[in-house]
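Residue-level listing of the chains:
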Amino acid sequence: MHSNLEALEAVIAAYRKEAIDKYLCIGDVVGYAANPNECVQKVKALAMIALAGNHDQASVNLLSIDYFNPQASEAIIWTKDNLNEQSNFFLEPLKLVYKNEDLTLVHGTLDNPKEFNYMTDDYTASKTFKLLETNVCFVGHTHVTEVFIQDKNKRIYYSNEKSMAIDRENKYIINVGSVGQPRDGDTSAAYCIYDTNQEIVQIERVGYDIETARKKIYDAGLPRFFGDRLLVGR
C-alpha cells in the first residue's frame, strides 16, 4: 500500500469481484504516500493476517531510519508525525513471518527477516528456499512482480509468468509486487490471488487514480519524487 489510498481502494474493489475468503498482507502498509491512517484502517478491517514491512517498523520506531535513503527517511519522519494512536497500535505488534499448511509469508527474505534483505537473484532466493517448509512463499519489498522456482533437484529458475499452477514437487517464491508503488514499469497496482483448492496463483493488475495520489503527496509536503515515480512505475 505505502499509504496510497487510491491504489488500495482499487485493489479492494477488484478483490470484491473474486471469491476471496481470506485476505493477507505482507507489509509496508505505510510510507511514501499521504494516507497512512486510512490505509491502516482498511487493512485492519480486511486482512486476517498482516505482517510488518520495513517502513511499518521504522514508522513506529522499531527500525532505524539509517536503513533508508534520505528521501525515504524524510517520508518516514512525515509518517511518524502523522500516524494516529490507532495506527500505531496496529503497526507495532506486527510479526515478520507467517506460516500455515498452505503458504509462508515474509516481507523480504526468510533468512534474517528483521534485516529486510532484498531478494533479487537466484543466490538470495536460495537462502529462503533452504528455510522454506511450505511449497509456496509470498514476498514483497522489491516492488517487482516475479517468481523463483526450485525444482525437486534443487535447481532454481526465474519466471515472470502472471499465472501458474503449483506443482507439489517444486517450491515457489512469489513476489507479488506493490499495491501502492510498483517499480516494474507497470503503473497499475499489483495484487495476488492464491486458489488453494485448485493450487493456482495469479498476479493481477488494476488501474487507479494516480493523479489524485500524486497530488496528495505534493500537497502533504512529502518528497515530490514519490509522486512522480507513480507515473512511470519505477
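Details of the structure are given in the entry above.
In this report, we go over the structure that sits alongside the text.

The rules behind the values
- Residues numbered from 1 in each chain as written.
- Predicted model: local features only at pLDDT ≥ 70, side-chain atom pairs only at ≥ 80, totals over all residues.
- Heavy atoms only, no water.
- Axes fitted to C-alpha atoms, helices over the stretch in contact; angles between N-to-C directions.
- Helix = DSSP H or I, 4+ residues; strand = E, 2+ residues; numbered from the N terminus.
- Parallel < 35°, antiparallel > 145°, perpendicular 65-115°, else oblique.
- Left-handed = near helix turned anticlockwise from the far one by under 90°.
- Contact = heavy atoms within 4.5 Å.
- Polar contact = N/O pair within 3.5 Å; in protein donor to acceptor, adjacent residues only side chain to side chain.
- Core = buried A, V, L, I, M, F, W, Y, C linked by side-chain atoms within 4.5 Å.
- Buried < 20%, exposed > 50% of the residue type's maximum accessible area, 1.4 Å probe, protein only.
- Pairing = 2+ DSSP bridges.
- Salt bridge = Lys/Arg side-chain N within 4 Å of Asp/Glu carboxyl O.
- Expected span 1.5 Å × (residues − 1).
- Right-handed = clockwise from strand over helix to strand, strands pointing away.

## Describing the packing of helix H1 (residues 5-15) against helix H2 (residues 36-46)
Stage number 1. Two numbers describe how H1 lies on H2: the axes approach to 9 Å, and their chain directions differ by 25°. Our classification of the angle between H1 and H2 gives roughly parallel. Note that H1 runs across H2; the crossing there is left-handed. Of H2, the residues touching H1 (which contributes Leu5, Leu8, Glu9 and Ile12) are Glu38, Cys39, Lys42, Val43 and Leu46.

## Observations concerning the side chain of Thr128
Stage number 1. Looking at the secondary structure, you find Thr128 in helix H6 (residues 122-131).
Stage number 2. Here the side chain of Thr128 touches Leu110 through a polar contact of 3.1 Å, landing on its backbone nitrogen.

## Focus: the nonpolar core
Stage number 1. One finds Met1, Val29, Val43, Leu91 and Tyr208 to be the most contacted residues of the largest nonpolar core, which totals 47 residues.
Stage number 2. At the level of elements, H1, H2, helix H4 (70-82), helix H5 (85-91), strand E10 (189-195) and helix H7 (210-220) are the ones that each hand at least two residues to this core.
Stage number 3. The element that contributes the greatest number of residues to this core is H1, accounting for eight residues.
Stage number 4. Core analysis: the second largest hydrophobic core is formed by 19 residues, Val136, Val147, Ile149 and Ile174 among them.

## A short note on the sheet that holds strand E4 (residues 104-106)
Stage number 1. Judged by pairing direction, the sheet is mixed, and its six strands sit side by side in the order E3-E4-E5-E9-E6-E7 without closing on themselves. Looking at the sheet topology across the chains shown, the edges are occupied by strand E3 (97-99) and strand E7 (156-159). When strand polarity is set aside, the average angle formed by the axes of neighbouring strands in this sheet is 15°.
Stage number 2. Bridge count for E3 against E4 is three bridges, and the pairing is antiparallel. Bridge pairing links Tyr98 to Leu105 in E4.

## A few points about the pattern of salt bridges
Stage number 1. Applying the stated criterion across every chain yields a total of 11 salt bridges.
Stage number 2. The salt bridge involving Glu199 is made with Arg168; its shortest N-O contact spans 2.3 Å. You can see Glu199 sitting in the loop between E10 and strand E11 (200-206) and its partner Arg168 sitting in the loop between strand E8 (163-165) and strand E9 (171-176), a full 31 residues away along the chain.
Stage number 3. It is possible to trace a salt-bridge network through shared partners that takes in Asp184, Asp186 and Arg205.

## Focus on H4
Three- or four-residue spacings in an α-helix give side chains the same orientation, since the helix completes a turn every 3.6 residues.
Stage number 1. The end-to-end C-alpha distance of H4 is 19 Å, a good match for the 18 Å that 13 residues give at a rise of 1.5 Å each.
Stage number 2. All of the buried residues in H4 are Ala72, Ser73, Ala75, Ile76, Trp78 and Thr79.
Stage number 3. Looking at the buried side of H4, the elements it contacts are H2, helix H3 (54-59), H7 and helix H8 (224-228).
Stage number 4. Among the residues of H4, the N-terminal cap falls to Asn69, whose side-chain oxygen and the backbone nitrogen of Gln71 are separated by 3.1 Å.

## Description of the environment of Lys154
Stage number 1. For Lys154, the position within the fold is in the loop between strand E6 (145-150) and E7.
Stage number 2. Take Lys154: its relative accessible area is 60%, and that puts it in the exposed class.
Stage number 3. Each C-alpha atom of the pair Lys154 and Lys99 lies 22 Å from the other, and the pair is 55 residues apart in sequence.

## A closer look at the pairing of strand E5 (residues 136-139)
Stage number 1. What you see with E5 is no split at all: Val136 and Phe138 on one side and Cys137 and Val139 on the other are buried throughout.
Stage number 2. In terms of strand pairing, E4 meets E5 through two bridges, oriented parallel. Looking across to E5, one finds that Leu105 is bridged to Phe138.
Stage number 3. Where the polypeptide runs from E4 across H6 and back to E5, its parallel neighbour, the crossover connection is right-handed.
Stage number 4. Both E5 and E9 contribute to a ladder of four bridges, which runs parallel. Bridge pairing in E9 links Cys137 to Ile173.

Nothing here speaks to function; it is all geometry.
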